[in-house]
Amino acid sequence: MSVASSPADFSLTVRELCFARAGERIFGPVSFALRSGDLCAIAGSNGAGKTTLLQVLAGLLAPSEGSFDVRTHAQDLPTPAYPRTALLGHLNGLKLDLSARANLGFRESLLGIDPALGVDQALARMGLAGYEALPLRELSAGQRRRVALAALMRDHAPLWLLDEPYANLDAEGRNLVASVIEEQRQRQGIVVITTHGVESLPDGTVHVRLGSGS
Amino acid sequence: MSVASSPADFSLTVRELCFARAGERIFGPVSFALRSGDLCAIAGSNGAGKTTLLQVLAGLLAPSEGSFDVRTHAQDLPTPAYPRTALLGHLNGLKLDLSARANLGFRESLLGIDPALGVDQALARMGLAGYEALPLRELSAGQRRRVALAALMRDHAPLWLLDEPYANLDAEGRNLVASVIEEQRQRQGIVVITTHGVESLPDGTVHVRLGSGS
Amino acid sequence: MRDLLLGVRRPDDALQPLLFALIVTALFPLAIGADAARLAPIAGGVSWVVALLAILLGMDNVYRSDAEDGSLDQLLVSGQPLAVLCAARMLAHWLVVGLPLVLATPLLATLLGLPSTVVGVALVSLALGTGVLVAIGHVCAALAVAAKRSVILVPLMVLPLSVPVLIFGAGAVQATMVGLPATAPLLLLGAGLALAVPLAPVACAAALRLNAG
Amino acid sequence: MRDLLLGVRRPDDALQPLLFALIVTALFPLAIGADAARLAPIAGGVSWVVALLAILLGMDNVYRSDAEDGSLDQLLVSGQPLAVLCAARMLAHWLVVGLPLVLATPLLATLLGLPSTVVGVALVSLALGTGVLVAIGHVCAALAVAAKRSVILVPLMVLPLSVPVLIFGAGAVQATMVGLPATAPLLLLGAGLALAVPLAPVACAAALRLNAG
Amino acid sequence: MNPLVKWFHRFGSPPTFYRWAGQALPWLRGAALLAGAVGLYFGLIVAPADYLQGESVRILYIHVPSAWMSLFIYLFVAANAFIALVWRIRISEVLSMAAAPVGAMFTAVTLATGSLWGRPTWGTYWQWDARLTSELVLLFLYLGVIALFHAIEDRRRAARAAGLLALVGVVNLPVIHYSVRWWSTLHQGESVKLFGESSMHASMLWPLLVMALATKLWFFASLASRARLALLEADSDKAWVRDTLQPRVTEAAPA
Ligand code: HEM
Ligand SMILES: Nc1ncnc2c1ncn2[C@@H]1O[C@H](COP(=O)(O)OP(=O)(O)OP(=O)(O)O)[C@@H](O)[C@H]1O
Ligand SMILES: Nc1ncnc2c1ncn2[C@@H]1O[C@H](COP(=O)(O)OP(=O)(O)OP(=O)(O)O)[C@@H](O)[C@H]1O
Ligand SMILES: [Mg+2]
Ligand SMILES: [Mg+2]
C-alpha cells in the first residue's frame, strides 16, 4: 500500500516445494526467499530438476507439495499487474520462419506492453544490428539466443526465470546477459537463473542446489 | 601403406578455406593442419561461422574457395573407410519420440558398424543408467545431450566434428566429454570442436580463431 | 491483436488454401469421370468433404509447432487470458483457410456442375460450417499437443466430431437440390457456430493448460 | 536395415492411416446420401481419392522433422549412399501407410457398395499406385525441406504430379465396372512404379543434398 | 569444357547478360507491340467472322497463341532448370524462375479465354475434356513450382529446388496429356472438335501466326526485364551492380 518502492517491495518465497511426476519426486523439498533486486542461481546436475523448478515457478506446472508465493506491496512498479513472470527456457520460444523484428513485435503484442525500448534498439543492444529482417532460420545458435534475450529485455515483468541464459553465447554475449540481469535487479525485479557453475556470478547471489536426479 | 599406425597416419589439411552465402563471405580464409591424435578448438564470436565451418568439413556444404582434404596412410584403423566424419551439432540429431536405446540402435544400423561398446554400456558411461527406455522427450536438456554423446562414443569415425560439445552439461558431464575426446585421440582420431572459451582444454590443443561475423 | 493475427501466418499464404481446394476438387471428376449427370448430384457432398479435408490438413501443427519451439510456454506465461489467444488463433485460421474455401465455392460449384440455384445455400452452409470445423479442429489439436508426434491422431479425433456438421451442411445443399427448404439444417449449423464461438476457445485453453510443462 | 525401417515409425502407427481412410470413406455416404445406386458408380473413384489424401497427410513431415531435429545431418554424414536411405524410407512409408490401405480395400469397397467383381482390380491398382504416390510424395517432401513451414506447399506440389496415377488407377476400376479390360491402365501403373523405384530415391537424395546445411 | 557450357559461362555472367538484355529490351518490346497490333488488327477487324460461331471466333487470336506459349514456356523453364542443375549455371536458374510466372499467366489466359469461348460454343464454361484438364493441371504444375520457389529463403537453393520440381513435372506432362485423353475417351466420344489446323482458312491463319510471334516476342521482353531485376536484387552488394547503377545516377544528376 506504500507509494515509494523500496528493496523490500516485492518478494518470492518458496516453502518446502516439491514436484513429482507419476508419484516419483523430481526435486525438492526446496525452500528459499528472495526480495526485490535479488539474483538466485539454481545449480544441480543434469536431470536434477532445475528446468522443472522454473516451470513450477512460472505456473506451468502445479507443485506436488509445499508452496511458493510472489508478493508485492508497491504500486509504482511497471505494469502489468503482478505476478506475471518472464521465462527464458532451453528453447527460445521464437518462430524460425519469422524475422527477429517480427518475433519481437509478436511478443510485444502478446504482452500488451509498450516498452520504452524499441525493437530495433533492443536488437542492436544485443549486437544484432543488421540482422533484424532475416528469418531466424538463417541466424546462428548464439544469435537466436540473443534475439530471445532482446525480447526478454523489453519485458519488465517483476520476476524473471532464466534457464541457462549463458548457454551458446560468446564472451561478449555473456557480458550482455550479466548486464541485462543487472538492469532487471536495478529495476527492483527478481531474477532466478539455472547454471552449471561455469560463469562467475556477482556477490550476493543466492545459491540454491538441487539434489541429483533420483 | 605401412601396417603399423603412427601418429602421422592420418591428417586433415585445411587450405585458405572460405565459405560464402549469396556472395557474402561467412568465414575465412582459414588454414590449419591436423594429424592423428590432434584436438583443434575453433573459437569466434556468435555468428563468426564456427558451425558453418564444421558443416563444410562434414561435407554438408561445399567450400566457396580454398580446399581441405582428409588423408590416411594406415590400413589397420577401425572401419569404415575414410574419410567418414562423425558430427555432433547444436541439435542432437535424436528422435524425441524414441528412447535412448532406440536412438542408439538406429544410429548403429545407419553407420553399419558393430562397435565393441554396447548400447546400454555407452549410456551407462554417460550416466544414463535407468533412463535407457524413456522417450527422450522425458529427459532433461543435459540428459539428451548425453544420449547424443553416447551415440558419438560408439562411432569410431577418424574425424570427429563437435559443435559446442560442453553446452548444457554439468561438471560431471563436461569431464565425460573431455575423457571421450581423449579416447578418440588415443585411437589416433582427430577431434575438431567449437568453443566459446569457457572450458579448459588440454595442452597441445590447436587453436583456430574465426574473425567476427561481418 | 492485429500482430497476433498476422504473427500466425503471412498473408501471401492465403492463396494456397484456395488452390488446394481447387486441386482436390478437380481430383473427383478425374477419378469418377467427367459425366455431368453423374457429377452434379454428388457435387454438394463432394465440396463439403473437400472443405473438411482442407481444414484438416495441417491442423495437427496448430499448437504442436508452438510446443516444440517453446512459444507455447511464452503464451502460457504471458498473463493474457489464454482463451482470448485461442480465439484469435481460430479466427486467423478461419480467415486463412475457411474464408478462401467459402469464396471459392462458386468456382468449385461450376467445375463440378452444381446447379446455380444451389450455390447460394452451399455458400452459406460452408461459411457457417467451416467456422465450426475450425473450432473443433483447434480443440483437438490442443488436446493432442502432449501426444507423441503422429500426424494422423488429430484427424482421427476431428473426423468423428465433424460428422454432424457434414450431415447438416451437405444436407442443406442436397435439400435445395431436390427443392426442399434448407432452413432447418442451416439454422442448426448456425446454432452450432453460436455454441462453438464462446465454448471452443475455453475448451482449447483448458486443453493447453492440461498439457503444459 | 531392419532398424532403419523401424526407426522411422512405430508399428502401432500403422492402424491410424487405415482408420483415417475408413472414416473419410464413411464421410461420403453421409455427405452424398446412402443411395446405393448413386454410390456404387463413384465408389472406385472415391476410394482412390481417399487413398491419395491419406498418403498426402503428413507427407510434409517426412524429411522436415529430420531437418528440424538434426537427424538429417546425421543421415548425410553417415557415409551411406543417400539414395538407399531414401529408398528405405519410401519402403517403410509404403509399408505403414500404403499397405494398410491396400489391405483395407475390400472393407472400404463394401462400405461404398463397390461390386465384388471389381474389388480385385481395385486392390491391384491401389497396390501399384500407392507405391508411385509415396515415391512422388517423398521427392516433393525432400524438395520442400528447406522451405518455410506451410500446410499446403507439399500437397500443392504432389497433387498435380499424381493426376496420371489417379486417372489410371481409378480408370482401371471404372473400366472393370463397365466390363472393359483393365490390363492397359494396370500395365501403365506398373510401368510407372517400375520407373519410380529406381528414379525417385535418386531424385530424393539429390533434393536433400541440395537443401543441406 | 563442353562448348555449350562455355557459351553459357561467357554470355551468362550477370554483368554481360544484364547489358545484353538491357540493349535487346526496347527492340523486343517494340517488335512485340508492332506484331501484336498488326495481328490484332487483322484478326479482330479484317479477318472474316466464322459462319458458325460469329464474332466469338475472334477469341482464337488470343486463346491459341496463349495456349502455345503456355506449353512453350514450360519447356523453356524445364530446359533452363536442367542446364542449371547439371552445369550449375546461374543465369539459367534466374531465367527459368523468371519465366515461370509468365508461363503461369499465359496458362491462366488460355483457361480464361477458353472457358469464355466455351460458353457460346459448347454451352458451358467448363468441361472435363482431355485438353482442358491437362491445361488446368499445367497451371497447377506452374503454381507448385512458383510456390516452392517463394517458400525457400536462399534464392539460389530455391531456384534449384523449384527447377528440379519443374523437371519432374515435364516428365509428367505428356503422361498427363495422354492419361487424360485415354480417360475421357473411355466414357464419352472425343469432345467437340470444331476445326483442325488444316481446315483453317489462310485469312485466319496468318493473323494467328503473327499473334504467335507477338506473344513470343512479348515473352522474351518480359523475361529479359524480369531476369535483369532478379539479377540486380540478388547481386545488390556486388561491384558490377554498383558500377552499372552508378553512371546513371551521375548522368542524371547534372540534367
Ligand atoms: C477452358 C477452356 C479451354 C482450354 C483450357 C483450352 C486449351 C487449349 C490448349 C492447351 C491448346 C493448345 C493445344 C496444342 O497446341 O497442343 C488449345 C488450342 C486450341 N483451342 Fe482451346 N482450350 C479451351 C477452350 C477452347 C474453345 C471453347 C475453343 C473453340 C470453340 C477452342 C479452340 C481451340 C483451337 C481452335 C485451338 C488451336 C488448334 C490446335 O492447335 O489444334 N479452345 N486450346
Ligand atoms: N541457413 C543459413 N542461411 C543463411 N545464413 C546463415 C545460415 N546459417 C547461418 N547463417 C549465417 O552465417 C553466419 C555464421 O553462422 P554460424 O552458425 O556458422 O555461426 P557460429 O559461429 O556457429 O555462431 P554461434 O556461436 O552463435 O553458434 C551467421 O552470421 C548467420 O547469420
Ligand atoms: N516431460 C517430462 N516427462 C517426464 N519426465 C520428465 C519430463 N521432463 C523432465 N523429466 C524428468 O525430470 C527430471 C528433471 O528434469 P529437468 O529438465 O528439470 O532437469 P534439469 O535440472 O533442468 O537438467 P539439465 O541440467 O539437463 O537441464 C529428469 O530426470 C527428467 O528425466
Ligand atoms: Mg534444464
Ligand atoms: Mg554455432
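## Quick look at the overall build of chain C
Here is step 1 of the chain: The helix and strand inventory of chain C stands at 9 helices and 0 strands.
Here is step 2 of the chain: Each helix (α) and strand (β) of chain C, taken in turn from the N terminus, gives the series α-α-α-α-α-α-α-α-α.
Here is step 3 of the chain: Sequence separation of at least 24 residues holds for 80% of the intrachain contacts in chain C that already meet a minimum separation of 6.
Here is step 4 of the chain: Accessible area of chain C: about 7,200 Å², with a carbon and sulfur share of 75%.

## With respect to helix H5 (residues 171–186) of chain B
Residues and elements named next belong to chain B.
Here is step 1 of the chain: End to end, H5 covers 23 Å across 16 residues, agreeing with the expected 22 Å (1.5 Å per residue, within 8%).
Here is step 2 of the chain: Restricting attention to buried positions, one finds in H5 the residues Gly 173, Arg 174, Leu 176, Val 177, Val 180, Ile 181, Gln 184 and Arg 185.
Here is step 3 of the chain: Contacts from the buried residues of H5 go to strand E3 (39–43), helix H3 (119–125), helix H4 (141–153), strand E6 (159–162) and strand E7 (190–194).
Here is step 4 of the chain: Backbone geometry just after H5 places Gln 188 at a positive phi near 70°.

## Things to note about the site of ligand 3
Here is step 1 of the chain: Ligand 3 sits among 21 residues. The nearest are Lys 50, Thr 51 and Thr 52 of chain A together with Ser 140 and Gly 142 of chain B.
Here is step 2 of the chain: Around ligand 3 the close residues trace back to chains A and B.
Here is step 3 of the chain: The separation between an oxygen atom of ligand 3 and a polar main-chain atom of Gly 47 of chain A is 2.9 Å.
Here is step 4 of the chain: Starting from 630 Å² of accessible surface for ligand 3 in isolation, the protein chains cover 87%.
Here is step 5 of the chain: At the level of secondary structure, the elements contributing two or more residues to the shell around ligand 3 comprise helix H1 (50–57) of chain A together with H4 of chain B.
Here is step 6 of the chain: Class assignment of the residues belonging to the shell around ligand 3 gives a composition of 5 nonpolar, 11 polar and 5 charged.

## What about the pattern of salt bridges?
Here is step 1 of the chain: Counted according to the given criterion, the structure contains 31 salt bridges over all chains.
Here is step 2 of the chain: For Lys 95 of chain A, the salt bridge identified is with Asp 69 of chain C, shortest N-O distance 2.9 Å. Note that Lys 95 of chain A is positioned in the loop between strand E5 (85–88) and helix H2 (100–111) and Asp 69 of chain C in helix H4 (residues 61–69), a pairing that runs across two chains.
Here is step 3 of the chain: Residue Lys 95 of chain A is classed as partly exposed on the basis of its relative accessible area, which comes to 21%.
Here is step 4 of the chain: Residue class for Asp 69 of chain C comes out buried when judged on its relative accessible area of 18%.
Here is step 5 of the chain: In this structure, Glu 172 of chain B engages Arg 146 of chain B in a salt bridge whose closest nitrogen and oxygen atoms are separated by 3.3 Å. Of this pair, Glu 172 of chain B sits in helix H5 while Arg 146 of chain B sits in helix H4; the two residues are 26 residues apart in sequence, bridging distant segments of the chain.
Here is step 6 of the chain: Overall, the relative accessible area of 45% leaves Glu 172 of chain B in the partly exposed class.
Here is step 7 of the chain: Connected through salt bridges with shared partners, the residues Lys 95 of chain A together with Asp 66, Asp 69 and Arg 89 of chain C form a single ionic network.

Procedures and definitions
- Residues numbered from 1 in each chain as written.
- Chains lettered and ligands numbered in written order.
- Predicted model: local features only at pLDDT ≥ 70, side-chain atom pairs only at ≥ 80, totals over all residues.
- Heavy atoms only, no water.
- Helix = DSSP H or I, 4+ residues; strand = E, 2+ residues; numbered from the N terminus.
- Contact = heavy atoms within 4.5 Å.
- Areas by Shrake-Rupley, 256 points an atom, 1.4 Å probe, with all protein chains shown as cover.
- Expected span 1.5 Å × (residues − 1).
- Buried < 20%, exposed > 50% of the residue type's maximum accessible area, 1.4 Å probe, protein only.
- Near = heavy atom within 4 Å.
- Polar contact = N/O pair within 3.5 Å; in protein donor to acceptor, adjacent residues only side chain to side chain.
- Nonpolar A, V, L, I, M, F, W, Y, C, P; charged D, E, K, R; others polar.
- Salt bridge = Lys/Arg side-chain N within 4 Å of Asp/Glu carboxyl O.

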